[in-house]
Amino acid sequence: MMREIDTDVCVVGGGPAGLVLALLMLRSGARVTVLECARAHQRVVRGEILQPGAMELLDALDVLSGARARGAHEHHRFLVMEGERVLLEADYRLLPAPYDHLLSVPRPHLLDELLARCRRSPGFRYLPGRRAGGLLRRDERIAGVIADGPPGRCAVRARVVVGADGRFSRVRRLAGIGAGRAEAFAQDVLWCALTASPEEPPVRDVRVFRTGGGPVLVYGSWPNRIQIGWTLPHRRYGHLAALGLDHVKERLVRAVPRYATLIRDQIRTPADLGVLDVFSARAERWAADGLVLIGDAAHTHSPIGAQGINLAVQDAVVLHPLLTRALAEGDTSAERLAEFERRRGPDIAAVMRMQTLQSRAILSQGAFTTRVRPRLARALRRTPLYRKILQRMAYGNPSIRIADAGVCGRT
């Protein structure tokens, strides 16, 4: 007989968006069940940089200090470089303290801290190793999730389901909502993580090196890791891989010669490399009767500008009071839940526009990019507009704040 679980909110996906929302809803008195397909938080996830906006919100939830204590790495600047020459610079030290930097936090550190906070509530249930195998429906509305996994199948009956299961969201697909994928960037990113020697000084900047073979992102990661992301034309890696692993390594060495020894010594098999399909997307709609999508399930972005966790955390903070009121009033219709998209949609559109501009700045060629633009950028730094642009990159919508807990009604 299939096990049944009753809850107020069923969150599918235990990433930053799902767990921040779970913690907020628990604070508002809701019973929350989180399904997560991974059995542990040790899966490899490249996105780990927190912008000041996410740091401030996580700090308000009393999560940031614990995540930092598990191990983190500060970065002062975001640089676009050609060789040793700086073309563009975003200097986060110009922002007000204490959020005057970027923070690289391994994803398990953040998720484990969020999970520990959630587990303090008796209304929380966490089901690892489970995926959404189907949606439960009642009177033509979504009323829960069939959870599949090695522990066995169970039915999670919920007053509302939240799809926070990433850019290839199964919940979104099961609900019949189109992903709205756009090939705005038409790129892939080849990732690798290298281990630096303990004597190597930490890299305090996030750097993008412009090379003839495509831009290469480099940043330091806790405890002594160097993360490298090489941007390639869409589906180009297959052609490179056909020439052999040594060919790929030497191309990467030419792009970032400083790390030549680490690349040659530590990339031993194709499994040491990972390829990220880069695309932007916005789901055709973010809500159905009894369902709302957040994070990458609702809108997917390029890794340019390290906005992923920022947007995920802010999504949860924006949705929280809307969902609390909907539950208290017993109305989780599509029309009611669509308020989240109406409220959050303009912010997401603004980030997509900003990422398009950033992509052009990084990928463009010619004298304007290498000679004129750096001079304009240096002049801009001396104006108030520079800080305004930096503030927008760091915080997005500055009005997003954590709402009072409120109370979720139950029927």
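Bear in mind the structure is a predicted one, so any value in this text is a computation, not a measurement.

1. Re the overall build of the protein
Counting its regular elements, the protein contains 13 helices and 19 strands. What you see for the protein is a C-alpha radius of gyration of 22 Å, in line with the 22 Å of a compact globule of 411 residues. Taking the principal axes of the C-alpha coordinates as reference, the protein spans close to 65 × 50 × 40 Å. Residues classed as buried in the protein amount to 54% of the 411 residues present.

2. Overview of the packing of helix H1 (residues 16-27) against helix H9 (residues 308-328)
Where H1 meets H9, the axes come as close as 8 Å, and the angle between the chain directions of the two elements is 35 degrees. Judged by the sense of rotation from one axis to the other, the crossing of H1 with H9 is right-handed. Taken together, the residues of H9 that come into contact with H1 (itself represented by Pro16, Ala17, Val20, Leu21, Leu24 and Met25) are Ile309, Ala312, Val313, Ala316, Val317, Leu319, His320, Leu323, Thr324 and Leu327. Its residues assigned to classes, the contact of H1 with H9 comprises 14 nonpolar, 2 polar and no charged.

3. A few points about unusual backbone geometry
Trans is the common state for peptide bonds, and a negative phi is the common state for residues other than glycine. Here Ala97 and Pro98 are connected by a cis peptide whose omega angle stands at 10 degrees. Looking at where Pro98 falls in the secondary structure, it is placed in the loop between strand E6 (85-91) and strand E7 (102-104). Cis rather than trans, the peptide bond between Trp222 and Pro223 has omega equal to -5 degrees. Turning to its location among the elements, Pro223 is positioned in the loop between strand E14 (216-221) and strand E15 (225-233). Within the chain, Asp139 stands out as a residue other than glycine whose phi angle is a positive 55 degrees. Mapped onto the secondary structure, Asp139 falls in the loop between strand E9 (131-138) and strand E10 (141-148).

4. Considering the sheet that holds E7
Spatially, the 3 strands line up as an open sheet ordered E3-E7-E4, and their pairing is antiparallel. A strand with exactly one partner marks an edge of an open sheet, and here the two such strands are strand E3 (49-50) and strand E4 (73-75). Relative to E7, E3 runs antiparallel, the two sharing 2 bridges. Bridge pairing links Leu50 to Leu103 in E7.

5. Focus: the pairing of E15
In regular strands, side chains alternate between the two faces of the sheet. Of all 9 residues in E15, 7 are buried, a share of seventy percent or more. Strand direction decides the pairing type here: E14 and E15, joined by 6 bridges, are antiparallel. Looking at E15, one finds that Val216 is bridged to Trp230. Where E14 folds back onto E15 in an antiparallel hairpin, the turn is made up of 3 residues.

6. Comments concerning the environment of Arg336
Looking at the element boundaries, Arg336 is found in helix H10 (residues 334-337). Here the alpha-carbon distance between Arg336 and His75, two residues 261 residues apart in the chain, equals 41 Å. Here Arg336 is in contact with Arg325, Ala326, Glu329 and Asp331, once residues within four sequence places are set aside.

7. Here we look at the packing of H1 against helix H4 (residues 107-118)
Between H1 and H4, the least distance of the axes is 9 Å, while the angle of their chain directions is 20 degrees. In terms of orientation, H1 and H4 fall into the roughly parallel class. In this structure, the crossing between H1 and H4 has a hand that is left-handed. Across the interface between the two elements, Pro16, Leu19, Val20, Ala22, Leu23 and Leu26 from H1 touch Arg107, Leu110, Leu111, Leu114, Leu115, Arg117 and Cys118 from H4. The class makeup of the residues in the contact of H1 with H4 is 11 nonpolar, no polar and 2 charged.

8. Details of the nonpolar core
The biggest cluster of nonpolar side chains holds 103 residues, and the ones touching the most others in it are Val9, Leu50 and Leu323. Each of domain 1 (1-42 + 106-180 + 280-364) and domain 2 (71-104 + 185-276 + 380-397) contributes no fewer than three residues to this core. Counting 26 residues, the second-largest nonpolar core is a separate cluster that includes Ile226, Leu232, Tyr237 and Leu240.

9. Notes on the environment of Ile304
Counting through the fold element by element, Ile304 comes out in the loop between strand E19 (299-300) and H9. Judged by its relative accessible area of 16%, Ile304 is buried. In the structure, Ile304 is positioned 31 residues away from Leu273 in sequence and 19 Å away in space, judged by C-alpha atoms.

10. Quick look at the domain arrangement of the protein
Assigned domains within the protein: domain 1 (1-42 + 106-180 + 280-364) and domain 2 (71-104 + 185-276 + 380-397). Inter-centroid distance (C-alpha atoms) of domain 1 to domain 2 is 29 Å. Carbon and sulfur atoms make up 60% of the surface buried where domain 1 meets domain 2, a total of about 1600 Å² over both sides. Summed over the shared surface of domain 1 and domain 2, the number is 0 salt bridges. Listed by contribution, the elements that provide at least two residues to the side of domain 1 that touches domain 2 are H9 and helix H11 (339-363). Top element by residues in the side of domain 1 that touches domain 2 is H11. It accounts for 9 residues. Considering only residue class, the side of domain 1 that touches domain 2 consists of 7 nonpolar, 11 polar and 2 charged.

11. Focus: the side chain of His101
Relative to the elements of secondary structure, His101 occurs in the loop between E6 and E7. Classification of His101 as buried rests on a relative accessible area of 4%. In this structure the side chain of His101 is engaged in a polar contact, spanning 3.4 Å, whose partner is the side chain of Arg68. One polar contact links His101 to Asp100, side chain to side chain, over a distance of 3.2 Å.

12. Concerning the pattern of salt bridges
Evaluation of the coordinates by the stated rule reveals 21 salt bridges. Two residues, Arg93 and Asp91, come together in a salt bridge whose shortest N-O distance is 2.9 Å. For Asp91, a relative accessible area of 3% puts it in the buried group. The salt bridge partner of Arg117 is Glu113, with a shortest N-O separation of 3.7 Å. One end of the pair, Arg117, and the other, Glu113, are both in helix H4, 4 residues apart, so they sit about a helical turn from each other. Considered together, Arg117 and Glu113 belong to a single accessibility category, that of buried residues. Taken together, the shared-partner salt bridges in this structure form one network comprising Asp62, Arg70, Glu113 and Arg117.

What counts, and at which threshold
Residue positions within a chain follow its written sequence, with the count starting from 1. For this predicted model, a pLDDT threshold of at least 70 governs which residues receive local features, and a threshold of 80 or more governs which side-chain atom pairs are given and counted, while totals over whole chains, interfaces and linings are taken from all residues. Side-chain numbers here rest on the full set of heavy atoms in the structure, without hydrogens or water. The helix and strand labels rest on DSSP assignments: H or I over at least four residues marks a helix, E over at least two residues marks a strand, and numbering proceeds from the N terminus. With the radius of gyration taken over C-alpha atoms, the globule rule is written as 2.2 Å times the number of residues to the power 0.38. Note on classification: 1.4 Å probe, protein chains only; a residue is buried when its accessible area is under 20% of the maximum for its type, exposed when over 50%, partly exposed between these limits. Think of each axis as a best-fit line through the C-alpha atoms, taken over the contacting stretch in the case of a helix, with angles from 0 to 180 degrees between the N-to-C directions. Each helix crossing is assigned a hand: it is left-handed if the near helix lies turned anticlockwise from the far helix by less than a right angle, otherwise right-handed if that turn is clockwise. In what follows, a contact means two residues having at least one pair of non-hydrogen atoms within 4.5 Å. For this scheme, ten residues count as nonpolar: Ala, Val, Leu, Ile, Met, Phe, Trp, Tyr, Cys and Pro. Four count as charged, namely Asp, Glu, Lys and Arg, and the remainder, Gly too, count as polar. Note on pairing: two strands pair once DSSP finds at least 2 bridges between them. Geometric relationships in this document are graded by angle, where less than 35 degrees denotes roughly parallel, more than 145 denotes roughly antiparallel, 65 to 115 denotes roughly perpendicular, and other angles denote oblique. Buried Ala, Val, Leu, Ile, Met, Phe, Trp, Tyr and Cys residues form a nonpolar core when they are joined through side-chain atoms within 4.5 Å. All the domain ranges listed were derived from an automatic or database domain assignment. Summed over both partners, the accessible area lost on bringing two parts together, with a 1.4 Å probe, is the buried area. Salt bridges are counted wherever a side-chain nitrogen of Lys or Arg sits within 4 Å of a carboxyl oxygen of Asp or Glu. Between N or O atoms, a polar contact is any pair within 3.5 Å; within protein, one atom must be a potential hydrogen donor and the other a potential acceptor, and residues adjacent in sequence are included only when both atoms are from side chains.

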